[in-house]
Amino acid sequence: MRYVNESLGQLHPHDVQIRHSRQLHAATYDHTLGRVVKALGYQYVHVLSGWPRGSRAADTPRKADLTVDFGPSGTLFSRADEVSRSDNAARVSNEFTTTLLQTTAARPFLSQQIQANAGGRYNWTDPARALAWLEFMKSAGTMGKPKFVFAHIIKPHAPHSFDRYGNVTFHLAGWPDDHDPTVSNAFYGQIIWLNGQMLEVIDAILDDYDEPPIIVIAADHGDDRHNPAIANDILAAFLLPDGGESVLYPSITSVNHFRAILDYYFGLDLGLLEDRVYPPDI
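Rules behind the numbers
- Residues numbered from 1 in each chain as written.
- Predicted model: local features only at pLDDT ≥ 70, side-chain atom pairs only at ≥ 80, totals over all residues.
- Heavy atoms only, no water.
- Core = buried A, V, L, I, M, F, W, Y, C linked by side-chain atoms within 4.5 Å.
- Buried < 20%, exposed > 50% of the residue type's maximum accessible area, 1.4 Å probe, protein only.
- Helix = DSSP H or I, 4+ residues; strand = E, 2+ residues; numbered from the N terminus.
- Expected span 1.5 Å × (residues − 1).
- Pairing = 2+ DSSP bridges.
- Axes fitted to C-alpha atoms, helices over the stretch in contact; angles between N-to-C directions.
- Parallel < 35°, antiparallel > 145°, perpendicular 65-115°, else oblique.
- Contact = heavy atoms within 4.5 Å.
- Nonpolar A, V, L, I, M, F, W, Y, C, P; charged D, E, K, R; others polar.
- pLDDT = per-residue confidence, 0-100.
- Salt bridge = Lys/Arg side-chain N within 4 Å of Asp/Glu carboxyl O.

### Concerning the nonpolar core
One broad trend across soluble globular proteins is that nonpolar side chains are buried collectively. In terms of nonpolar packing, the biggest core is built from 24 residues, with Val 47, Val 68, Phe 70, Trp 133, Leu 134, Phe 136 and Met 137 touching the most fellow members. Elements supplying a minimum of two residues to this core: β1 (43-47), β2 (66-71), α6 (127-137) and α7 (186-207). With 6 residues, the single largest contributor to this core is α6. One finds Leu 33, Val 37, Tyr 44 and Phe 148 within the second-largest nonpolar core, a separate group that totals 7 residues.

Here it is as structure tokens:
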């Protein structure tokens, strides 16, 4: 909802993460969108990606009401102030948290494995994390209302663990490009599989609502390795009921996605910023 360089004084992502990590992390711990939706009465549920929390601020949500993680023991729930910045699993650590979960949107999932000091969580490269994420998201619509769910999945990022048919390799390098001759490389095979899985997730969420919810599916960057001509193209797909699609326009960029949505549905009058597209090396 704002440009990083205007907030932190730098533009290059390496500069931002190294020289201004404290400011960057502070901005994402207490991000504007989270504060706005909570003020509007929504419960904020944050589904972790598995990136090491010390290097990716998006996996350190401090304002979320409920944080969801995945590991060999099952789905792990915790309050945001219990989310460590280390690589330990998210944990449910005391009686108060258990009571909280029993009275909030997590209640339908308490039959799943939840335990104190869980022994581990899936690494972001582990295909088991992607499978657990997809399965959880198919049930996200049952988690009480109203809610704002921020769910980050690393796929289709390498390693390319899934081929187009859903076959899985746990090799850290992923499938080689010559694994499946029906696609030009393993990246496309994995994205074909993921597209089908995401359609199932969307259908499952919609089945839980009498009226359609707002759904935003957005990537954080394009992929210039396979087609440099579209390096600046970044996926953004929206379900905006009750005429909300009228706020979209062909050149809209991610800085304006939620500005437009919040203005249309809640009349917040945030206004739009200039849509900027930076070169691929920035």
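### With respect to helix α8 (residues 254-266)
Across its 13 residues, α8 extends 19 Å between first and last C-alpha, which sits within 8% of the 18 Å expected from 1.5 Å per residue. All of the buried residues in α8 are Val 255, Asn 256, His 257, Arg 259, Ala 260, Ile 261 and Leu 262. At the C-terminal side of α8, Gly 267 shows a positive phi close to 60 degrees.

### Some remarks on the sheet that holds strand β3 (residues 74-78)
One open sheet accounts for 4 strands, arranged β3-β2-β1-β4; its pairing is mixed. Edge strands, defined here as strands with exactly one partner in the open sheet, are β3 and β4 (147-151). Put simply, the sheet's adjacent strands are angled 20 degrees from each other on average, direction ignored. Here 5 bridges tie β1 to β4, and the two strands are oriented parallel to one another. Within the sheet, the bridge partner assigned to Val 45 lies in β4 and is Val 149.

### Concerning the pairing of β3
Of all 5 residues that make up β3, 4 are buried, and the element is covered over most of its length. Relative to β3, β2 is paired through 5 bridges, and the arrangement is antiparallel. Bridge pairing in β3 places Gly 71 opposite Gly 74.

### A few points about the packing of α6 against α7
Following both chains from N to C, one finds α6 and α7 inclined at 25 degrees, their axes separated by 8 Å at the closest point. With respect to α7, the axis of α6 lies roughly parallel. From α6, Leu 131, Trp 133, Leu 134 and Met 137 reach across to α7, where they touch Trp 193, Gln 197, Met 198, Val 201 and Ile 205. Across the contact of α6 with α7, the residue classes tally to 8 nonpolar, 1 polar and no charged.

### Remarks on the confidence of the model for the protein
This prediction gives the protein a mean pLDDT of 80; 71% of its residues lie at or above 70. When the criterion is pLDDT under 50, residues 83-102 qualifies, and its contacts beyond four places in sequence or with other chains add up to 57 contacts.

### Observations regarding the pattern of salt bridges
This structure, assessed with the given rule, holds 6 salt bridges. Here Arg 35 makes a salt bridge to Asp 30, at a shortest N to O gap of 3.1 Å. Accessibility expressed as a relative area gives 42% for Arg 35, which makes it partly exposed. The closest approach of N and O atoms between Lys 38 and Asp 65, which form a salt bridge, is 3.4 Å. Within this pair, whereas Lys 38 is found in helix α4 (residues 32-39), its partner Asp 65 is found in the loop between β1 and β2, the two being separated by 27 residues in sequence. Assessed through its relative accessible area of 28%, Asp 65 is described here as partly exposed.

### Things to note about the environment of Val 45
In this fold, Val 45 is placed in strand β1. With a relative accessible area of 0%, Val 45 lands in the buried category. Residue contacts for Val 45: discarding those within four places in its chain leaves Leu 66, Val 68, Met 143, Phe 148, Val 149 and Phe 150.

### So, unusual backbone geometry
With omega at 15 degrees, the peptide bond leading from Lys 155 into Pro 156 counts as cis. Mapped onto the fold, Pro 156 is located in the loop between β4 and α7. Omega for the peptide link from Ala 158 to Pro 159 comes to 5 degrees, which places this bond in the cis form. Inspection of the secondary structure assignment puts Pro 159 in the loop between β4 and α7. The phi torsion at Asp 242 lies on the positive side, around 55 degrees, for a residue other than glycine. With respect to the helices and strands, Asp 242 occurs in the loop between β6 (236-239) and α8. Assessed through its relative accessible area of 66%, Asp 242 is described here as exposed. Here Asp 269, not a glycine, exhibits a phi torsion of approximately 60 degrees, which is positive.

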